[in-house]
Amino acid sequence: MEKKSTEVCPYQRAWTLDNWIRKLLQNPYKIVGEYIKEGQVIMDLGCGPGFFSLAMAKLVGEKGKVISVDIQDEMLQILRHKSELKGLNSRIIFHKAQPGKLGISEMVDFALAFYMVHEVPDKKSFLIEVASHLKPDGRFLIVEPKFHVSKSNFDNTLELARSAGLEQVSEPKFSFDRAVLLKPVS
Ligand SMILES: C[S@@+](CC[C@H](N)C(=O)[O-])C[C@H]1O[C@@H](n2cnc3c(N)ncnc32)[C@H](O)[C@@H]1O
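Heads up: these notes are all about the structure in this document. (Residues numbered from 1 in each chain as written. Predicted model: local features only at pLDDT ≥ 70, side-chain atom pairs only at ≥ 80, totals over all residues. Heavy atoms only, no water.)

## A word on the overall build of the chain
Thought 1: Within the chain, the regular secondary structure consists of 6 helices and 7 strands.
Thought 2: Here the chain has a C-alpha radius of gyration of 15 Å; the compact-globule value for 186 residues is 16 Å, and the two agree.
Thought 3: Considered along the principal axes of its C-alpha atoms, the chain spans approximately 45 × 40 × 30 Å.
Thought 4: For the chain, the proportion of its 186 residues judged to be buried stands at 52%.
Thought 5: When contacts within the chain are restricted to residue pairs at least 6 apart in sequence, those whose partners lie at least 24 apart make up 72%. (Helix = DSSP H or I, 4+ residues; strand = E, 2+ residues; numbered from the N terminus. Rg over C-alpha atoms; globule rule 2.2 N^0.38 Å. Buried < 20%, exposed > 50% of the residue type's maximum accessible area, 1.4 Å probe, protein only. Contact = heavy atoms within 4.5 Å.)

What follows is the structure, encoded as structure tokens:
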């Protein structure tokens, strides 16, 4: 049966999102390192088992914070377990969202939505909510897999982001993915 584009990646497949092959192909420090400074507040939207949350928790240092957001408790539990082992728990806020509402109260310096926007049923409200939590000089990186998300689908997301008050900063290049870096319109 064809996979619906908004189908959520189940927690039973968490291992596919955090393993040595992925670390070779997608070094999280190389992907997000240039956008993050020590002491910042970061939001990892659809964090899954925390492939990026853990790296970002190291990058923000002791004074920074990563808000790791997911709709699946099980994904957050996997991340909590890993971050405990790495001594990073104090830098991470584990936040359970609803599919149609993030429910965050903080303003952030950087937000990441890696392989998640295609799973969100109402992309318009999602992008409006994310935009409302970006600091004026904040940045928002969206990365989507080419094998799930067509060019026209991605362009549609970009259009919705523009109508949510975001503008394109750059188009980071990744072999297997479509990506855009956004910021609030000044
Ligand atoms: C394909 S996984 C990617 C996980 C992680 N970003 C990574 O790259 O390893 C997508 C994740 O987004 C979460 N998700 C889907 N819809 C969501 C929503 N509306 N709000 C928050 N998280 C969501 C899923 O539960 C899943 O853990």
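## Topic: helix H3 (residues 51-60)
Thought 1: When you tally the buried positions in H3, you get 8 out of 10 residues, the bulk of the element.
Thought 2: Along H3, the residues that are buried comprise Phe-51, Phe-52, Ser-53, Leu-54, Ala-55, Met-56, Ala-57 and Val-60.
Thought 3: Downstream of H3 by a residue or two, Gly-61 has a phi angle that is positive, lying close to 70°.

## Points about the sheet that holds strand S5 (residues 134-145)
Thought 1: Here we have 7 strands laid out as an open sheet, ordered S3-S2-S1-S4-S5-S7-S6, and mixed in their pairing. Each of the sheet's edge strands pairs with one partner strand only, and the pair in question is strand S3 (92-96) and strand S6 (166-170). Ignoring which end each strand starts from, the neighbouring axes of this sheet average 25° apart.
Thought 2: Looking at chain direction, strand S1 (residues 41-45) and strand S2 (residues 65-70) are connected through 5 bridges and run parallel. Across the sheet, residue Val-41 finds its bridge partner in S2, namely Lys-65. (Pairing = 2+ DSSP bridges. Axes fitted to C-alpha atoms, helices over the stretch in contact; angles between N-to-C directions.)

## Here we look at the packing of helix H5 (residues 123-132) against helix H6 (residues 151-163)
Thought 1: At a minimum axis distance of 9 Å, the contact between H5 and H6 shows a crossing angle of 50°. Relative to H6, the element H5 lies oblique. Remark: the crossing between H5 and H6 carries right-handed chirality. Note on element contacts: H6 touches H5 through Thr-157, Leu-160 and Ala-161, opposite Lys-123, Lys-124 and Leu-127.
Thought 2: Residues of the contact of H5 with H6, tallied by class, amount to 3 nonpolar, 1 polar and 2 charged. (Parallel < 35°, antiparallel > 145°, perpendicular 65-115°, else oblique. Left-handed = near helix turned anticlockwise from the far one by under 90°. Nonpolar A, V, L, I, M, F, W, Y, C, P; charged D, E, K, R; others polar.)

## Some points on the site of the ligand
Thought 1: In the vicinity of the ligand lie 19 residues, with Arg-22, Gly-46, Asp-70, Gln-72 and Phe-114 positioned nearest.
Thought 2: Arg-22 has a polar side-chain atom sitting 2.7 Å from an oxygen atom of the ligand.
Thought 3: Contact between the ligand and Asp-70: an oxygen atom at 2.5 Å from a side-chain N or O atom of the residue.
Thought 4: Considered on its own, the ligand offers 600 Å² of accessible surface; in the complex 98% of this is hidden by protein.
Thought 5: For the shell around the ligand, the residue count by class is 13 nonpolar, 3 polar and 3 charged. (Near = heavy atom within 4 Å. Polar contact = N/O pair within 3.5 Å; in protein donor to acceptor, adjacent residues only side chain to side chain. Areas by Shrake-Rupley, 256 points an atom, 1.4 Å probe, with all protein chains shown as cover.)

## Remarks on the packing of aromatic side chains
Any aromatic ring pair is given by two values, namely how distant the centres are and how the planes are angled relative to each other.
Thought 1: Throughout the structure, instances matching the rule amount to 4 aromatic pairs.
Thought 2: Taking 5.2 Å as the distance between ring centres and 85° as the angle between the ring planes, the aromatic pair formed by Phe-51 and Phe-52 counts as edge-to-face. Summarising the burial analysis for this pair, Phe-51 and Phe-52 share the class buried.
Thought 3: Judged by centre distance (4.6 Å) and plane angle (45°), the ring pair of Phe-114 and Tyr-115 falls under tilted.
Thought 4: On the accessibility criterion, Phe-114 (5% relative accessible area) is buried.
Thought 5: Feature note: the residues Phe-51, Phe-52, Phe-114 and Tyr-115 constitute an aromatic cluster, connected by ring pairs. (Phe/Tyr/Trp six-rings, centres within 6.5 Å; stacked < 30°, edge-to-face > 60°.)

## Topic: the nonpolar core
Thought 1: If you look at the biggest cluster of nonpolar residues, it comprises 30 residues, and the most contacted ones within it are Leu-45, Phe-126 and Phe-140.
Thought 2: At the level of secondary structure, the elements contributing two or more residues to this core comprise S1, S2, strand S4 (108-114), H5, S5, H6 and strand S7 (177-184).
Thought 3: Leave out the neighbours within four places in its chain, and Phe-140 touches Leu-45, Ala-111, Leu-112, Ala-113, Phe-126, Leu-127, Val-130, Leu-134, Leu-166, Val-180, Leu-181 and Leu-182.
Thought 4: Counting 26 residues, the second-largest nonpolar core is a separate cluster that includes Ile-31, Val-66, Leu-112 and Phe-114. (Core = buried A, V, L, I, M, F, W, Y, C linked by side-chain atoms within 4.5 Å.)

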